[in-house]
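Observations on the model geometry
This is what each chain is made of:
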Amino acid sequence: MISLAFAFSYLESLVPFNFGIPGIKLGLANLVVIVAIYTFFISLLRIVLSGLIFNGTFAMIYSLVGGLLSFAVMCTFKKFDKFTPIGVSAFGGTIHNLGQIIVAGIVMNTYRIIYYFPILMLSGLITGIINGIIADIIIKRWKKPAY
């Protein structure tokens, strides 16, 4: 699972996905994290490995804080049993960006970075929903009995 998440991170780094706004990405590696939400170390190791190899130390710190916060929120919402993987993923994508904004505010020593959050929140929500739909399909297929 870590290898798959790592490969998706690499794939995503190759895709020129740019809306002219830094920080927006597809979040493909999170598909694996959503499907394997019970395993905390997949998310943590994927963030560290892809940060060290593809993005650099500062990007890794942003992603690490966002990823940890997102993972905690996704685990919490999953426990309620009222949210599908789509809802859990949507919350996770949004909260991930909140974590990044918090780190950016601390690193840049300004609260004004919060004005950037609505853009990141929308992108996290959209990619979270898309990843959640795909994860929901994968989870349902895994649960189907093999005849």
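A few points on the structure. (Residues numbered from 1 in each chain as written. Predicted model: local features only at pLDDT ≥ 70, side-chain atom pairs only at ≥ 80, totals over all residues. Heavy atoms only, no water.)

Bringing the overall build of the protein chain into the picture now. The secondary structure content of the protein chain amounts to six helices and zero strands. Across the 147 residues that make up the protein chain, the buried fraction comes to 39%. Here the contacts in the protein chain between residues at least 6 apart in sequence split such that 68% fall between residues at least 24 apart. Taken as a whole, the protein chain presents about 8,900 Å² of accessible surface, with 72% of it coming from carbon and sulfur. (Helix = DSSP H or I, 4+ residues; strand = E, 2+ residues; numbered from the N terminus. Buried < 20%, exposed > 50% of the residue type's maximum accessible area, 1.4 Å probe, protein only. Contact = heavy atoms within 4.5 Å. Areas by Shrake-Rupley, 256 points an atom, 1.4 Å probe, with all protein chains shown as cover.)

Turning our eyes to something else, we now look at a nonpolar patch on the surface. Taken together, Leu122, Leu125, Ile126, Ile129, Ile130, Ile133, Ile134 and Ile137 make up a surface patch of nonpolar side chains, about 640 Å² in accessible area. Structurally, leucine 122 can be placed in helix α6 (residues 117–143). (Patch = residues over 30% accessible without salt bridge, like charges linked within 9 Å, V, L, I, M, F, W, Y side chains within 5 Å. Salt bridge = Lys/Arg side-chain N within 4 Å of Asp/Glu carboxyl O.)

We now examine the packing of helix α5 (residues 85–108) against α6. Contact geometry for α5 and α6: axes closest at 6 Å, N-to-C directions at 145°. The handedness of the crossing between α5 and α6 is right-handed. Each residue belonging to the contact of α5 with α6 can be placed in one class, and the counts come to 12 nonpolar, nine polar and one charged. (Axes fitted to C-alpha atoms, helices over the stretch in contact; angles between N-to-C directions. Left-handed = near helix turned anticlockwise from the far one by under 90°. Nonpolar A, V, L, I, M, F, W, Y, C, P; charged D, E, K, R; others polar.)

All right, on to α6 then. Note on helix geometry: an α-helix contains 3.6 residues per turn, so any two residues three or four positions apart are oriented the same way. For α6, spanning 27 residues, the distance from its first C-alpha to its last is 37 Å, which sits close to the expected 39 Å at 1.5 Å a residue. Taken residue by residue, α6 has Phe117, Leu120, Ser123, Gly124, Thr127, Gly128, Asn131, Gly132, Ala135, Asp136 and Ile139 as its buried positions. Where the residues of α6 are buried, they touch α2 (29–35) and α5. (Expected span 1.5 Å × (residues − 1).)

Time to look at the packing of aromatic side chains. Given two aromatic rings, one states the distance between the centres and the angle between the planes to describe the pair. This model, assessed by the stated rule, comprises seven aromatic pairs. On the numbers, 5.3 Å between centres and 35° between planes, the contact of tyrosine 10 with phenylalanine 54 is tilted. One end of the pair, tyrosine 10, is in helix α1 (residues 2–14); the other, phenylalanine 54, is in helix α3 (residues 40–55), with 44 residues separating them in the sequence. Using a relative accessible area of 42% as the deciding quantity, one classes tyrosine 10 as partly exposed. Judged by its relative accessible area of 27%, phenylalanine 54 falls in the partly exposed class. Seen from their ring centres, phenylalanine 80 and phenylalanine 83 are 6.4 Å apart, and the 55° between their planes marks the pair as tilted. Residue classification places phenylalanine 83 among the partly exposed positions, given a relative accessible area of 32%. Among the aromatic side chains, those forming a connected cluster through ring pairs are Phe77, Phe80, Phe83 and Phe91. (Phe/Tyr/Trp six-rings, centres within 6.5 Å; stacked < 30°, edge-to-face > 60°.)

On to the environment of alanine 90, then. By the element assignment, alanine 90 lies in helix α5. For the pair alanine 90 and threonine 127, spaced 37 residues apart in sequence, the C-alpha to C-alpha distance is 7.5 Å.

Of note in this structure, aspartate 81 is not a glycine but carries a positive phi near 60°. Inspection of the secondary structure puts aspartate 81 in the loop between α4 (57–79) and α5.

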